Amino acid sequence: MMKKKSIPASKPLLILFLCQIISALDVPLDLSQPPTITHQSPKDYIVDPRENIVIQCEAKGKPPPSFSWTRNGTHFDIDKDAQVTMKPNSGTLVINIMNGGKAEAYEGVYQCTARNERGAAISNNIVIRPSRSPLWTKEKLEPHQVREGDSLVLHCRPPVGLPPPIIFWMDNAFQRLPQSERVSQGLNGDLYFSNVQPEDTREDYICYARFNHTQTIQQKQPISVKVFSTKPVTERQPVLLTPTGSTSTKVELRGNVLLLECIAAGLPTPVIRWIKEGGELPANRTFFENFKKTLKIIDVSEADSGNYKCIARNTLGSVHHVISVTVKAAPYWITAPRNLVLSPGEDGTLICRANGNPKPSISWLANGVPIAIAPEDPSRKVDGDTIIFSHVQERSSAVYQCNASNEYGYLLANAFVNVLAEPPRILTPANKLYQVIADSPALLDCAYFGSPKPEIEWFKGVKGSILRGNEYVFHDNGTLEIPVAQKDSTGTYTCVARNELGKIQNEVHLEIKDPTMIIKQPEYKVVQRYGQVSFECIIKHDSTLLPTVIWLKDNDELPDDERFLVGKDNLTIMNVTDKDDGTYTCIVNTTLDSVSASAVLTVVAAPPTPAIIYARPNPPFDLELTGQLERSIELSWIPGDENNSPITHFVIEYEDGLHEPGVWHYQTEVPGTQTTVQLKLSPYVNYSFRVVAVNKIGRSQPSEPSEQYLTKSASPDENPANVQGIGSEPDNLVITWESLKGFQSNGPGLQYKVSWRQKDVDDEWTSVIVANVSKYIVSGTPTFVPYEIKVQALNDLGYAPEPSEVIGHSGEDLPMVAPGNVQVHVINSTLAKVHWDPVPLKTVRGHLQGYKVYYWKVQSLSRRSRRHVEKKILTFRGNKTFGMLPGLEPYSSYKLNVRVVNGKGEGPASPDKVFKTPEGVPSSPSYLKITNPTLDSLTLEWGSPTHPNGVLTSYILKFQPINNTHELGPLVEIRIPANESSLILKNLNYSTRYKFYFNAQTSVGSGSQITEEAVTIMDEAGILHPAVVAGKVQPLYPRIRNVTTAAAETYANISWEYEGPDHANFYVEYGVAGSKEDWKKEIVNGSRSFFVLKGLTPGTAYKVRVGAEGLSGFRSSEDVFETGPAMASRQVDIATQGWFIGLMCAVALLILILLIVCFIRRNKGGKYPVKEKEDAHADPEIQPMKEDDGTFGEYRSLESDAEDHKPLKKGSRTPSDRTVKKEDSDDSLVDYGEGVNGQFNEDGSFIGQYSGKKEKEPAEGNESSEAPSPVNAMNSFV
């Protein structure tokens, strides 16, 4: 199974670098090799004195190395120190401090040696020092008294720790002291004031030192500063506080950070500027800190040496300082020695080249011993920084150390010489799979080992030729690089390694993937506040890669807000606010590549909301076919604008350009959130696809067609459907089927193999191949015999699967015999049951469909008259042998016969069978007339029943009177001989309505009756009853007569007279006269005999009629009327109307009387004691009070009569301050006045108060509004 390894296109240089630093001669661990130090502690190792000391030393080798240590240059015997242990299979030391050991006792320089039979490797000198965090030395700090505007330096002077502490200034509340261009902390930890201000006065300037290794903080005693003011404050030009003087020097080591500082005093506060004399400050490595007082240059080199000038300037002048910087360098590698693997007899070199300032000296060691005193090796020659090896042998294996040192440090490197004779081996796993994005570099590994060093060759494919040329890069470590991989680079690559001891090869596999692209990027959007916005990010990617989409806002994660909705290919922000302004980035990642696109969102204030326009969606676009297979393909598209109505689904249609060009067929549909679909295909179809978007408004226009895709031909998948075998003649068999459609043919040359054989006969299949037809006729067949039939499709590529068989029959012929033993059983006068024997199936000669019974009436036995014979037919399906004959006429003679029916037609008829039906009850008499009314008689005439259904025996007449309330009187019955057709009823009551019931009888019983009503005439004045016309009494039906109309311009009054039963429901129908429009209908409420038609057109002729509901559609005759002509609007002037003039006179007279009464009462001065009011009202709850004991003294009224005096209601006592509150009195004059004082002016309004005092009292409840007082109403009226 192949192992997958992905190479991101964005990291080829990193991978190339990694590949190059891995030597092709790394010795596999199963081969002998000298030790190699793999991990060690740092050279300067500061440890926490409270924790165990762990000095690391790890190494590999074959056989596994043993370890030993030196301390301060002498052997360190760990077995003699109980506090020191060495980890198993390791050289790492653990010094136990937590169980009684002291870290200070183990300070020193340690070195580890790893040794096996092939050599010895040594570690760096590791200096162990415990960290220190000493306490602050106690000192007496005098308060600082400073004049405003002067400079000030607060010294920190932290204790010397290991490592040095971090300094910061805080107050008693543990709040950092604010710093600025005026006040700042120097590199030495002191706090500098360029000039002091009164607000600098405080007693809690505290310097803190934080020792990170011990995680402790030491605090200096608080420093007190008091600033005193002098007027005026003297301004001063800049003076440097640090550094002092005009010049200074600074030495820094290569690769470190250079920090230069200038802090100046002055008023106004000076501004610092930095320059480099004779050059520019290095770009991208220069930073300004501490309000530009500190110049910071990172990763310094010898080129950064020079003079740096700081200039402090204010409005009074400037001062400068020059710092001469020298960059020295501890040793650094130019070429570090690398392990050397040689085969016996080979030559080689170890090179150790380093640089520094000053230049370092180079010394060599062999297996940890200076090479000058190491055992001699004739194959070895030392030449300065190089060791040359010639004709090495296995005993030449050793570990060599190169030491490069100067006054600023040293470098130590181990490199072994391993002499081996090994055939090639490939270390890269077999069948490794590499996946690369197209147009990116592909790096195929072939890590190898062998001694002598093998040669590497690459091949593509199983039998490919060796790879050469500029399109490939071959690296020393065996890696094959394809700088620009294309789709055709996909395949299997073979790496071959060979030396004089053998050859080996390995296969790896390369897959080229399509790059991920954003085909619809987010676009710049301007959205109104509180609106909604959506950014699209539609991607296209290799179908085998799984993309992940991440959205960022301003290069940070999206806010954790439910308003942000991340969809499959969009980001939607709901209810947008101002803080949503920013740049939104869509990042698409796969395991191999990453792409991104950004857009800016601008939020603006919302203008008046325009109407939203909803429309059908725009058509999809950019259709693309991918993943083409023989029977399936993937279709993808980009949706068009949804036009404010979300897309509910997409409809996919296809065109077969090979068989039906220009005709589009439905293929499938997918939800509106989906933009890709896997489509099933048929062979031999030239497909084109298009997509239609659908929303609630409707369907979009179809998209542009996709590219065409022609599927390969194949044999048919299916056979014709609906195969049938039905003969059209007695001697043939017609085989039919539904032809396959064009795309079902699966290939060219579509034909059909038609096969048949007679069923239940041992015959072979007969077959014929036909094309372009859907029918085949087999001739010369027996009549109606079963056949097995099958139809199989085939084309130029082969046959469809074996078809299923169907059963058909050859042609039918007419049945040969008639049913026998026909019997009839008469059940009643209208129903009979007929029986027959079935015919033999062989004589049917076809599909038995059933039997037909022909029957007809010969004559009626009562009238003995023949009429035209009308035959009736009843069909009984299937193999039925009886049936019912309904609807027969009583007392009649019938004939019938029976015939068998098949698909061809009817067989011969059975002999006619005669049967008779018995008598039944007659129908009702054909008519009943009532004539010749007199005072006490009526004449009845009638007609015999239309269907006597037998021999009539008599007629039955029943009648009874009906009074004015429609109640029925006693019923009288008379039997009349059957040969009578009239009767005179005598001895009837005059002017009386009678109801008659009349029916005929046979021997079976009475038939249905007919009813009628009539009235005898009145005996006074010879007035005829309305039902009497021309001497005849007519049946009294309801009727509507004398319809009259009275029309105006737009309405008409309709009235009528009604005769008939009470409680009739009337309606009025009307329409324009002469119009063919339907009548308009209005329902009349109740049983009124009038109605008003409204909404008529002036000057128009109308037709009208009145009807009664539920009386068999009874209605009046039509009447025609015409509305009046349209006239100008007639507005009645109310001032000219007599009734209005009279009303106004009466009102004026009433007002005059009221004025006179008020005038008289006022002149009289109508004061009276409250006691009179008590007598007038017996309510004991209402007791007026005198002023001295909490009561009223007097009541002054302007009302004219005692009936107008309103008592105080229950509970409406006046407060002790003699004010009247509205809420305290439900019916006081407060409710009728403008305010609670309740006074009126001299024109007749109220001027007094409840109190007898003359002066106004303060009032409450000023919220009272104008109330409908009778007095106010009167005043307003006049």
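Throughout this document, residue positions are counted from 1 along each chain, in the order its sequence is written. Residue-level local features of this predicted model are given only where pLDDT is at least 70; pairs of side-chain atoms are given and counted only at 80 or more, and the full residue set underlies all totals for whole chains, interfaces and linings. Working from all heavy atoms in the structure, the side-chain values ignore hydrogens and water.

### Section: the overall build of the protein
Step number 1: For the purposes of this entry, the term helix denotes a DSSP run of H or I that reaches at least four residues, the term strand denotes a run of E that reaches at least two, and both are numbered from the N terminus. Along the protein, the regular secondary structure elements total 4 helices and 97 strands.
Step number 2: Burial here depends on accessible area, computed with a 1.4 Å probe over protein chains only, as a share of the maximum for the residue type. Under 20% is buried, over 50% is exposed, and the range in between is partly exposed. Of all 1278 residues assigned to the protein, the portion counted as buried reaches 40%.
Step number 3: Contacts are assigned to residue pairs that have any heavy atoms within 4.5 Å of one another. In the protein, once contacts between residues fewer than 6 apart in sequence are set aside, the share between residues at least 24 apart is 64%.

### As for the state of the cysteines
Step number 1: Throughout, a disulfide means two cysteine sulfur atoms within 2.5 Å of one another. For the coordinates displayed, the defined rule picks out 6 disulfides.
Step number 2: C262 shares a disulfide with C310; S-S distance 1.7 Å. With the S-S dihedral at roughly -65°, the linkage between C262 and C310 falls on the left-handed side. Of this pair, C262 sits in the loop between strand 23 (258-261) and strand 24 (263-267) while C310 sits in strand 28 (residues 306-314); the two residues are 48 residues apart in sequence, bridging distant segments of the chain. Exposure class is identical for C262 and C310. Each is buried.
Step number 3: Across the disulfide from C446 sits C495; the S-S distance is 1.7 Å. Linking C446 and C495, the disulfide has an S-S dihedral of approximately -60° and is accordingly described as left-handed. Remark: C495 occurs in strand 46 (residues 491-499) and C446 occurs in the loop between strand 41 (442-444) and strand 42 (448-451); sequence separation between them is 49 residues.

### Quick word on the sheet that holds strand 33 (residues 361-366)
Step number 1: Two strands qualify as a pair provided that DSSP identifies no fewer than 2 bridges between them. If you trace the 5 strands from one edge of the open sheet to the other, you get 30-38-37-33-34, paired in mixed fashion. Bordering the open sheet on either side are strand 30 (340-342) and strand 34 (369-370), each of which pairs with just one other strand.
Step number 2: One ladder, built from 2 bridges, connects strand 33 with strand 34; its direction is antiparallel. Along strand 34, the bridge assignment pairs L365 with P370.

### Some words on the pairing of strand 47 (residues 502-513)
Step number 1: The pairing of strand 40 (residues 432-437) with strand 47 spans 6 bridges and is parallel. If you follow L433 over to strand 47, its bridge partner there is H509.
Step number 2: Here 9 bridges tie strand 46 to strand 47, and the two strands are oriented antiparallel to one another. The residue bridging V496 from the neighbouring strand is Q505, located in strand 47.

### Concerning the pattern of salt bridges
Step number 1: Salt bridge, as applied in this entry: a Lys or Arg side-chain nitrogen positioned within 4 Å of an Asp or Glu carboxyl oxygen. Tallied over the entire structure, the rule returns 37 salt bridges.
Step number 2: Between R353 and D385 there is a salt bridge whose closest N-O contact spans 3.5 Å. One end of the pair, R353, is in strand 32 (residues 353-357); the other, D385, is in the loop between strand 35 (380-383) and strand 36 (386-389), and 32 residues separate them in sequence.
Step number 3: The exposure class assigned to R353 is partly exposed, which follows from its relative accessible area of 39%.
Step number 4: Classification of D385 by relative accessible area gives partly exposed; the value is 25%.
Step number 5: Among the ionic pairs, R845 bridges to D813, the shortest N-O distance being 3.5 Å. Highlighted residues: R845 in the loop between strand 74 (831-837) and strand 75 (850-860) and D813 in the loop between strand 72 (806-809) and strand 73 (820-828), separated in sequence by 32 residues.
Step number 6: One salt-bridge network, held together by shared partners, links R147, D150 and R236.

### Quick look at the nonpolar core
Step number 1: By convention a nonpolar core is built from buried Ala, Val, Leu, Ile, Met, Phe, Trp, Tyr and Cys residues, the set being connected through side-chain atoms within 4.5 Å. Counting 29 residues, the largest nonpolar core has I53, I55, W69, I95 and Y110 as the members making the most contacts within it.
Step number 2: Elements supplying a minimum of two residues to this core: strand 4 (53-55), strand 5 (57-62), strand 6 (66-71), strand 9 (93-95), strand 10 (108-116) and strand 12 (126-130).
Step number 3: The greatest single-element share of this core, amounting to 3 residues, is contributed by strand 10.
Step number 4: The contact partners of I53, leaving out residues within four places of it in the chain, are V47, L93, V94, I95, I97, A103, Y106 and I128.

### Thoughts on the pairing of strand 74
Step number 1: Burial of the side chains of strand 74 is restricted to one face: A832, V834 and W836 are buried, whereas none of L831, K833, H835 and D837 on the reverse face is.
Step number 2: Summarising the sheet, strand 73 and strand 74 pair through 6 bridges and their orientation is antiparallel. Each residue of the ladder has a partner; that of N828, found in strand 74, is L831.
Step number 3: If you look at the hairpin formed by strand 73 and strand 74, you'll find 2 residues sitting between the two strands.
Step number 4: Pairing analysis gives 4 bridges linking strand 74 to strand 77 (residues 882-885), with the strands arranged antiparallel. Each residue of the ladder has a partner; that of V834, found in strand 77, is G883.

### Observations regarding unusual backbone geometry
Step number 1: Here the bond from T242 into P243 is cis, since omega is -5°, no more than 30 degrees from zero.
Step number 2: Mapped onto the secondary structure, P243 falls in the loop between strand 21 (236-242) and strand 22 (247-253).
Step number 3: A cis amide bond links L267 with the next residue in sequence, P268, at an omega value of 0°.
Step number 4: Its place among the elements puts P268 in the loop between strand 24 and strand 25 (271-276).
Step number 5: The backbone of N746 shows a phi angle near 65°, a positive value even though the residue is not glycine.
Step number 6: The topology assignment puts N746 in the loop between strand 66 (732-738) and strand 67 (751-758).
Step number 7: Judged by relative accessible area, N746 falls into the buried class, the value being 2%.

### Considering the packing of aromatic side chains
Step number 1: Stacked, edge-to-face and tilted labels apply to pairs of Phe, Tyr and Trp rings (six-membered ring for Trp) whose centres lie within 6.5 Å, assigned for plane angles under 30 degrees, over 60, and everything in between, in that order. Summed over the entire model, instances satisfying the criterion amount to 24 aromatic pairs.
Step number 2: Taking 5.7 Å as the distance between ring centres and 10° as the angle between the ring planes, the aromatic pair formed by F168 and Y208 counts as stacked. With a gap of 40 residues between them, F168 in strand 15 (residues 166-170) and Y208 in strand 18 (residues 202-211) connect regions that are remote in the sequence.
Step number 3: Since its relative accessible area comes to 6%, F168 is described here as buried.
Step number 4: Classification of Y208 as buried rests on a relative accessible area of 4%.
Step number 5: Ring geometry for W756 and Y776: centres 5.5 Å apart, planes at 35°, overall tilted. Of the two residues, W756 is situated in strand 67 and Y776 in strand 69 (residues 775-779); the sequence distance between them amounts to 20 residues.
Step number 6: Residue W756 is classed as buried on the basis of its relative accessible area of 10%.

### Considerations on a nonpolar patch on the surface
Step number 1: Nonpolar side chains (Val, Leu, Ile, Met, Phe, Trp, Tyr) within 5 Å and like charges within 9 Å form the patches, drawn only from residues with over 30% relative accessible area and no salt bridge. Areas reported here follow the Shrake-Rupley algorithm with a probe of radius 1.4 Å; residue values treat only the protein chains shown as occluding. On the surface, L1149, L1152, I1153, I1156, V1157, F1159 and I1160 cluster together into a nonpolar patch covering about 660 Å² of accessible area.
Step number 2: By the secondary structure assignment, I1156 is in helix 2 (residues 1138-1164).
Step number 3: Take I1156: its relative accessible area is 46%, and that puts it in the partly exposed class.

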